[in-house]
Amino acid sequence: MTRYFLITLFLLLSGSPKLFSQSAVKQEVQHLIDSVQQYGKQHAPERLYIHTDRSEYLAADTIWFKAYLVDAASLFATAKSNIMYVELISDSSQLVSRVMIPVINGVTAGTLVLPERMIPGTYLLRAYTSWMRNWGTTHFFESRISIGTPASGDWLLHYKPKFTRKAGNEQVDLDLSFKQLDETLVGLREMRLEVSQGSKTLMRSSTETGLDGAARLSFETTASDKPARLVLSVQDRRKSGTRQTIRIPLVFNRPEQRDLQFLPEGGNLVVGLASTVAFKALNEDGSGAAVSGTIIDQHGDTVTSFRAAHLGMGSFVLTPREGAAYRARVVLPAGGYKDYPLPVAKSSGVVLSVANDLNSDSCVVRMFASGDSALRSRRFYLLGHTRGNVAFAASVNLSRGYSMIKVNRKLFPTGLARLVLLDATKRRAAERVIYIDHQDGLQLSVSATNNSYGLRDSVWLQLNVKNTEGKPVRGTFSVAVTDNGQVKSDSLASQDIPLNMNLHAELKGHIEGPGYYKDAARSPDKWRALDLLLLTQGWVGFDIDSAFHPAKPIKFPAEQEFLVKGKITNAFNKIIPGSAVSLFSKRPLVVMDTVSDLNGRFTFRGLVPVDTAVYFIQAKNRRNKSSNVGLEVDEFVAPPFPVSSHRQLPWFVNVDTTVAIKNRRQIALKREQEIATGGIRLKEVVIRGKKYVKDSKNINGPGAADVIFDEADLIKAGRMTLGDLLTKQLKNFGVRTSKSGARYHAVNSVVMHLIIDGMDVDFFLPSGISRFDYFTDLLNYFGAEDIKGIEVMYSGKYQMGYTSRYLHPMAVFYEHTFIEVTTRSGHGPMMRKSIGTLVYRPMPFSLPQSFYVPKYQAGSKADGSDIRATIHWDPAVITNADGRAEVRFFTADKPGIYTVIVQGTDLLGGFGSSRSTLTVR
């Protein structure tokens, strides 16, 4: 299958020869092509796709995945990056896990082991390379997964809100109803309820459910509060209970709070020119809203009407009048209406309209210019490209106010094609995105030896891969086999590598129901819906303006290998060139030397950071002295966490009976497996020795604290800041907001004091900086490797001594919490760069692991102990010269239907996926 395509040059020389000679126009068009091609080759981002074994997990499960990394221009295996990062992020934008993974020839595999204690909900799986960060987070791979918990006290929660206006604010009355997974009412249960918005707490109270498992809470929101970020936390407060906590987003989806966006085709409305205006209506949770209404002018006269066609998306045609202002009016279900302003029309400009009919071999491009004679006398250029590869270019004359061009779709490869209208200064005047589908992806077929299988039966699958010409294809593929009884098959619909690489990777924001657009070229309804999706979300892609004008400098170079880099300075912060720098490591044994360059920079190469990698780095000046030598190492700085408008409720909230039964079965099966394998020990009493922190200045005495993290705990924590460690390991630690609006760090909602090596950090608070910012700097400055131990005092017997030592004599002890930190240096809260020597703990590589595959003898009896959700996972399936590969595994101990998903690439721009089922009786 050929993956190259011809650059075709069309010269439409309908302009006056006196103004535009043929040779001059030809040179200009060729210059356009060359500029875009060169820029695209040098600045093409990368595209990344992650195939996970499934999309639903329980706490303590392992996420198995394979990554496919390609160059965005060619879709070939990338030659830029050999390192990538994978993150798991909570719906409150908190990092759960991050791993660094080596990439070889554009592919890699890895795992994320989920913590045993997790708040059930929807989490974001995000992956990226350093090179991709040059475009912000636009090109990051993102996928949402559901994580539950097998804890015996899981609840089903229903909530119903009621809203009333009160003194300019809105009061929310929330009726709650709790049930156990077995439908037992959670009655007469003491609970702690909290509603928060970011770090701001809107209400907190303790209550007891009624006999019917019902409870109610009320809180107020102001105009500055963002309802889309509200979170409800519920904690079981029974002394004999597990004190389990659930944390869920509050999604109200009020019709009056819907967002309605209008996006003119091509980019702008222009007075006197008819334009297609696409729109997208969103509920508060980010899902599409089925709306309809009318377009009215400033006099209230109806101009046209509109109705959403698919997931809140639709379009209408509008010809703006001079001086007119337009609004969309939507009638609300409870009465009344809400108006939304349309974009203001420009008095002069151009409009671009493209018809990309499903059954036509060409797309029709129409360009209109307003009556401005100066505008019409200008030369325009129409350029068509896919991922920066130019497929079409033409000079356009709009002297008569109109031009039409038919463009053969065969000029473009499969994927998003961008038709851009440029003015004489090479600035983008209008742009339209269309989808081209030649249905030329890899053809995957999976055949099984039997029609059905027994329990613990041997399964042999044959994978056959061909191109559209029927020729065999060599490639790399990943195979996931899951049990439909534990993993909902419809949750896997979005796992499709061809759709992601050719479509989703270039779209902006959350795509609702992404699997719907698969095979859109075979359905007129899906094709029209896809065009609406591109009109409303197809605004991220190739930055064509930068091809003709100075581009932004590259801030994040592609990582070919793991490097330890840094800078050497003197006591006056001036660089020291020619400084000797040494690096030592015990495991694995490494001894390396280098010299800082003219900019005081040093680099160590050829390192492979293992799980517990610790590097001791030492710098010396020209007199072979480490004193007065400042040593800094470049640390990994994570990209910002996303704040998505899309909010998905966990499966156990406002859930119907079918979903509850499905998830209850999954949890019950995991419990059965744990019991069968000795994974659960009921009422087990574990006796541990009392912890002590060596060299601690704890005024209560050794080990006298409510919570202690000793040296072993800190070593286990690995490479993380003090703030991250407390956030992850210390229960109820976080940021709170006082009634005056001031933020502060707290434990159990009580203000926190930080004592480092017996020194109260408040004593060193610099002038001109807030206490909160000062504490944040300290928490981010100290790392776990700098600390011997941490002791937390929040109960009266441990608070009182600290209160009398460090606070005003009239201070009330139970209004303060103290954290004593013992550092390895013992120098207290003195923030400074390392002098001469540094202990550096890099983020370790996560290396591929082997998925456990049980092997049963013929006649093996099922005893209920093998109840895998993921039956089989193989990220390293390679087809041979005949395009064939074999996959073998054994079925588990539960009958049902298995879903088999195969995905992969030939690493030459071809992608394919297959979905089939197996029956186990």
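Conventions adopted
Residues numbered from 1 in each chain as written. Predicted model: local features only at pLDDT ≥ 70, side-chain atom pairs only at ≥ 80, totals over all residues. Heavy atoms only, no water. Helix = DSSP H or I, 4+ residues; strand = E, 2+ residues; numbered from the N terminus. Buried < 20%, exposed > 50% of the residue type's maximum accessible area, 1.4 Å probe, protein only. Areas by Shrake-Rupley, 256 points an atom, 1.4 Å probe, with all protein chains shown as cover. Lys, Arg positive; Asp, Glu negative; His and termini not counted. Salt bridge = Lys/Arg side-chain N within 4 Å of Asp/Glu carboxyl O. Polar contact = N/O pair within 3.5 Å; in protein donor to acceptor, adjacent residues only side chain to side chain. Contact = heavy atoms within 4.5 Å. Pairing = 2+ DSSP bridges. Axes fitted to C-alpha atoms, helices over the stretch in contact; angles between N-to-C directions. Arc of directions from axis to C-beta. Phe/Tyr/Trp six-rings, centres within 6.5 Å; stacked < 30°, edge-to-face > 60°. Lys NZ or Arg CZ within 6 Å of the ring centre and 35° of its normal. Patch = residues over 30% accessible without salt bridge, like charges linked within 9 Å, V, L, I, M, F, W, Y side chains within 5 Å. pLDDT = per-residue confidence, 0-100. Expected span 1.5 Å × (residues − 1).

Q: Help me understand the overall build of the protein, please; the structure alone is not making it clear to me.
A: The number of helices and strands found in the protein is nine helices and 52 strands. Each of the 921 residues in the protein was classed as buried or not, and the buried ones make up 50%. Counting only carbon and sulfur atoms, one obtains 51% of the accessible surface of the protein, whose full area is about 42600 Å².

Q: Looking at this structure, I do not really get the side chain of Lys-66. What am I missing?
A: Looking at the element boundaries, Lys-66 is found in strand S4 (residues 62–71). Of the side chains bearing the opposite charge, Asp-874 lies closest to the buried Lys-66, which forms no salt bridge; the N-O distance is 7.6 Å. For Lys-66, the side chain forms a polar contact with the main-chain oxygen of Phe-477, separated by 3.3 Å. Residues within four places of Lys-66 in sequence aside, it is in contact with Tyr-49, Ile-50, His-51, Val-107, Thr-108, Ala-109, Thr-476, Phe-477, Ser-478, Trp-873 and Pro-875.

Q: Where do I start with the sheet that holds strand S24 (residues 350–355) in this structure?
A: Two pairing modes exist for strands in a sheet, parallel and antiparallel, and in both the strands are linked by backbone hydrogen bonds. Spatially, three strands are ordered S24-S25-S28 in an open sheet, and the strand pairing comes out antiparallel. Sheet topology places S24 and strand S28 (402–408) at the edges, where each strand pairs with a single neighbour. On average, each strand axis in the sheet is tilted by 15° relative to the strand beside it, whichever way the strands run. The pairing of strand S25 (residues 362–369) with S28 spans seven bridges and is antiparallel.

Q: It is not clear to me how the pattern of salt bridges should be interpreted in this structure. Could you clarify?
A: Should the charged atoms of two oppositely charged side chains come close, the side chains can pair. On inspection of all chains with the given rule, the structure shows 35 salt bridges. Note that Asp-863 is salt-bridged to Arg-456, the shortest N-O span being 2.9 Å. Highlighted residues: Asp-863 in the loop between strand S48 (837–840) and strand S49 (870–878) and Arg-456 in the loop between strand S31 (443–448) and strand S32 (458–466), separated in sequence by 407 residues. Across the salt bridge formed by Glu-561 and Arg-605, the nearest N and O atoms sit 3.0 Å from each other. Highlighted residues: Glu-561 in the loop between helix H4 (524–537) and strand S34 (564–570) and Arg-605 in the loop between strand S37 (601–604) and strand S38 (615–620), separated in sequence by 44 residues. Residue class for Glu-561 comes out partly exposed when judged on its relative accessible area of 30%. By relative accessible area, Arg-605 is classed as partly exposed at 48%. A network of salt bridges, in which partner residues are shared, links Arg-47, Arg-418, Arg-428, Glu-431 and Glu-506.

Q: Honestly, helix H9 (residues 796–806) in this entry has me stumped. Any pointers?
A: The periodicity of an α-helix, 3.6 residues per turn, causes residues three or four positions apart to be oriented the same way. Considered for burial, the residues of H9 that qualify are Tyr-798, Gln-799, Tyr-802, Thr-803 and Tyr-806. The buried residues of H9 occupy one face: seen down the axis, they fall within an arc of 125°. In H9, those exposed residues whose orientation departs by more than 90 degrees from the buried face are Lys-797, Ser-804 and Arg-805. Looking at the buried positions of H9, the neighbouring elements they touch are strand S43 (750–756), strand S44 (759–760), strand S45 (787–793) and strand S46 (817–823).

Q: Before we go on, may I ask you to explain the packing of aromatic side chains in this structure?
A: Here the distance between the centres and the angle between the planes together describe a pair of aromatic rings. The full count for this structure, using the stated rule, is 22 aromatic pairs. Pairing Tyr-774 with Phe-775 gives two aromatic rings, centres 6.4 Å apart and planes at 65°, and the pair type is edge-to-face. For the pair shown, Tyr-774 and Phe-775 are each scored as buried. Through a chain of ring-to-ring contacts, three or more aromatic side chains come together here, namely Tyr-85, Tyr-128, Phe-140 and Phe-636. It is Lys-526 that lies over the ring of Tyr-516; its NZ or CZ is 5.3 Å from the centre. Directly above the ring of Trp-460 sits Arg-888, whose terminal nitrogen or CZ lies 4.6 Å from the centroid.

Q: Is there a simple way to think about the environment of Thr-222 in this case?
A: Take Thr-222: it is sitting in the loop between strand S14 (214–221) and strand S15 (230–236). Sequence separation between Thr-222 and Glu-170 is 52 residues; the distance between their C-alpha atoms is 6.6 Å.

Q: Explain a nonpolar patch on the surface to me, please; I cannot follow it from the model alone.
A: A surface patch of nonpolar side chains, amounting to about 480 Å² of accessible area, comprises Phe-584, Leu-589, Val-591, Phe-616 and Val-839. Structurally, Val-839 can be placed in strand S48.

Q: When you look at the confidence of the model for the protein in this model, what are you seeing that I'm missing?
A: A low pLDDT score tells you not to read the predicted coordinates there in detail. With 89% of its residues at a pLDDT of 70 or more, the protein has an overall mean of 86. Every residue in residues 1–20 scores below 50 in pLDDT, and together they form 50 contacts with partners more than four places removed in sequence or on other chains. Overall, residues 657–662 carries pLDDT values under 50, and its contacts beyond four positions in sequence, including any with other chains, amount to seven contacts.

Q: Would you take a moment to explain the sheet that holds strand S11 (residues 169–180) for this structure?
A: On the basis of which strands lie adjacent, the open sheet formed by three strands has the order S10-S11-S14 and antiparallel pairing. Taken across any chain shown, the strands that pair with only one partner, and hence form the sheet edges, are strand S10 (155–166) and S14. For this sheet, the mean angle separating the axes of adjacent strands, direction not counted, is 20°. Across eight bridges, the pairing between S11 and S14 is antiparallel. Among the inter-strand pairings, Glu-170 is bridged to a residue of S14, identified as Thr-221.

Q: Would you take a moment to explain the environment of Glu-46 for this structure?
A: Inspection of the secondary structure assignment puts Glu-46 in strand S2 (residues 46–52). Look at Glu-46 and you get buried, because its relative accessible area is 0%. With residues near it in sequence (within four places) discarded, Glu-46 still touches Leu-69, Val-70, Ala-72, Thr-78, Lys-80, Ser-81, Thr-129, Trp-131, Met-132 and His-139. In terms of polar contacts, Glu-46 uses its side chain to reach the side chain of Ser-81, at 3.0 Å. In terms of polar contacts, Glu-46 uses its side chain to reach the side chain of Thr-129, at 2.7 Å.

Q: Help me understand unusual backbone geometry, please; the structure alone is not making it clear to me.
A: Peptide bonds are, in most cases, trans, and in most cases residues other than glycine have a negative phi. If you check the backbone angles, Asp-519 has positive phi at about 60° while not being a glycine. Secondary-structure assignment places Asp-519 in the loop between helix H3 (497–502) and H4. Residue class for Asp-519 comes out partly exposed when judged on its relative accessible area of 37%. Phi at Ser-749 takes a positive value of approximately 65°, unusual for a residue other than glycine. Checked against the element boundaries, Ser-749 lands in the loop between strand S42 (743–747) and S43.

Q: Can you walk me through the environment of Ser-292 in this structure?
A: Along the polypeptide, Ser-292 turns up in strand S19 (residues 292–296). Under the relative-accessibility criterion, Ser-292 is labelled partly exposed at 30%. Through-space distance from the C-alpha of Ser-292 to that of Ala-308 is 6.2 Å; in sequence the pair is 16 residues apart. Among all residues touching Ser-292, those that are not within four sequence positions of it are Phe-306, Arg-307, Arg-329 and Val-330.

Q: What am I meant to see in H4 here?
A: With 14 residues, H4 extends 20 Å between its outermost C-alpha atoms, agreeing within 8% with the 20 Å of an ideal straight helix rising 1.5 Å per residue. Those residues of H4 that sit buried are Trp-527, Ala-529, Leu-530, Leu-532, Leu-533, Leu-534, Leu-535, Thr-536 and Gln-537. Check the buried side of H4 and you find it contacts strand S17 (259–264), strand S18 (275–282), strand S21 (313–318), strand S29 (415–422) and strand S30 (428–436).

Q: I would appreciate a short explanation of the pairing of S46 in the present structure.
A: In the case of a regular strand, side chains alternate between the two sheet surfaces. Along S46, seven of the seven residues are buried, which leaves the element largely enclosed by surrounding structure. Neither face of S46 is exposed, since Thr-817, Ile-819, Val-821 and Thr-823 on one face and Phe-818, Glu-820 and Thr-822 on the opposite face are all buried. Relative to S46, S43 runs parallel, the two being bridged by five bridges. What sits directly across from Ile-756, in S46, is Val-821.

Q: Before we go on, may I ask you to explain the pairing of strand S12 (residues 190–197) in this structure?
A: With six of its eight residues buried, S12 lies for the most part within the structure. Alignment of S12 against strand S13 (residues 200–208), held across eight bridges, turns out to be antiparallel. Paired with Met-191 across the two strands is Thr-207, which belongs to S13. Hairpin remark: S12 followed by S13, antiparallel, with two residues in the connecting loop; positive phi at Gly-198, about 70°. Bridging between S12 and S15 involves seven bridges; their strand directions are antiparallel. Bridging across to S15, Glu-194 finds its partner in Ser-233.

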